[in-house]
Amino acid sequence: MGKRLYVGNLAQTTDQNRLKEAFAAQGTVELLRILTDKGQSRGFGFVEMSNEREATNAINALNGTELDGNVIVVDEATPPGGGRSGGDSGSFGRPRGRRPSRY
């Protein structure tokens, strides 16, 4: 099973072919997706490398480097909901039942 990576701060001009080219130098790219809204890039996407070692190599080699004029961010992708298990995703990390103190 592959390892999924988050890629942020993508330039509007960066397409899937260009992104795949950058990551393919670090290993086998199994899946790749740049998220869009109404045809425009949202500035981030996901790349799935074939294994943990290749994913780690990609993070180390590409995080903080320039791609199409922007310095990109490459990190492990977290599961939907921010990686937390259970709980109310709308609580912004506050424990349930506690309210912020008044000033």
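Residues numbered from 1 in each chain as written. Predicted model: local features only at pLDDT ≥ 70, side-chain atom pairs only at ≥ 80, totals over all residues. Heavy atoms only, no water.

A. Highlighting the packing of aromatic side chains. One pass over the full model with this rule turns up three aromatic pairs. A centroid spacing of 6.0 Å and a plane angle of 35 degrees characterise the contact between Y6 and F44, whose relative ring orientation is tilted. A residue pair is termed long-range when its members are at least 10 positions apart, and Y6 in strand 1 (residues 3–8) and F44 in strand 3 (residues 40–49) qualify at 38 residues. Ring geometry for Y6 versus F46: centroids 6.1 Å apart, planes at 65 degrees, classification edge-to-face. One end of the pair, Y6, is in strand 1; the other, F46, is in strand 3, and 40 residues separate them in sequence. Every member of this aromatic cluster is reached through a ring pair, and the members are Y6, F44 and F46. Positioned above the aromatic ring of F46 is the side chain of R4, whose terminal nitrogen or guanidinium carbon lies 4.2 Å from the ring centre. (Phe/Tyr/Trp six-rings, centres within 6.5 Å; stacked < 30°, edge-to-face > 60°. Helix = DSSP H or I, 4+ residues; strand = E, 2+ residues; numbered from the N terminus. Lys NZ or Arg CZ within 6 Å of the ring centre and 35° of its normal.)

B. Here's a closer look at the nonpolar core. Core analysis: the largest hydrophobic core is formed by 18 residues, its most contacted members being L5, V7, L19, F23, V47, M49 and V74. At the level of elements, strand 1, helix 1 (16–24), strand 2 (29–37), strand 3 and helix 2 (52–62) are the ones that each hand at least two residues to this core. The element that contributes the greatest number of residues to this core is helix 2, accounting for four residues. When near neighbours in sequence (up to four residues on either side) are disregarded, L5 contacts F23, G45, F46, V47, M49, A55, A58, I59, V74, D75, E76 and A77. (Core = buried A, V, L, I, M, F, W, Y, C linked by side-chain atoms within 4.5 Å. Buried < 20%, exposed > 50% of the residue type's maximum accessible area, 1.4 Å probe, protein only. Contact = heavy atoms within 4.5 Å.)

C. Quick peek at the pairing of strand 1. Two elements, strand 1 and strand 3, share six bridges in a ladder whose sense is antiparallel. Its bridge partner lying in strand 3, Y6 is registered against F46. Bridge analysis of strand 1 against strand 6 (residues 73–76) gives four bridges, and the strand direction is antiparallel. Opposite V7, over in strand 6, you have V74 as the bridge partner. (Pairing = 2+ DSSP bridges.)

D. Quick look at unusual backbone geometry. Despite not being glycine, N9 has its phi angle at roughly 65 degrees, a positive value. Along the chain, N9 turns up in the loop between strand 1 and helix 1. Its identity is not glycine, yet K38 carries a phi of approximately 55 degrees, on the positive side.

E. Main features of the environment of K3. Considering the arrangement of structural elements, one finds K3 in strand 1. The class for K3 is partly exposed, based on a relative accessible area of 21%. Along the backbone, K3 and L31 are 28 residues apart, and their C-alpha atoms lie at a distance of 9.9 Å. Of the polar contacts made by the side chain of K3, one reaches the side chain of E76; its length is 3.0 Å. (Polar contact = N/O pair within 3.5 Å; in protein donor to acceptor, adjacent residues only side chain to side chain.)

F. Spotlight on helix 1. Where helix 1 is concerned, the buried positions are L19, A22 and F23. The buried residues of helix 1 occupy an angular sector of 90 degrees when the element is viewed end-on, so they sit on one face. In helix 1, the exposed positions that point more than 90 degrees away from the buried face belong to N17 and E21. Looking at the buried positions of helix 1, the neighbouring elements they touch are strand 1, strand 2, strand 3, helix 2, strand 4 (66–67) and strand 6. (Arc of directions from axis to C-beta.)

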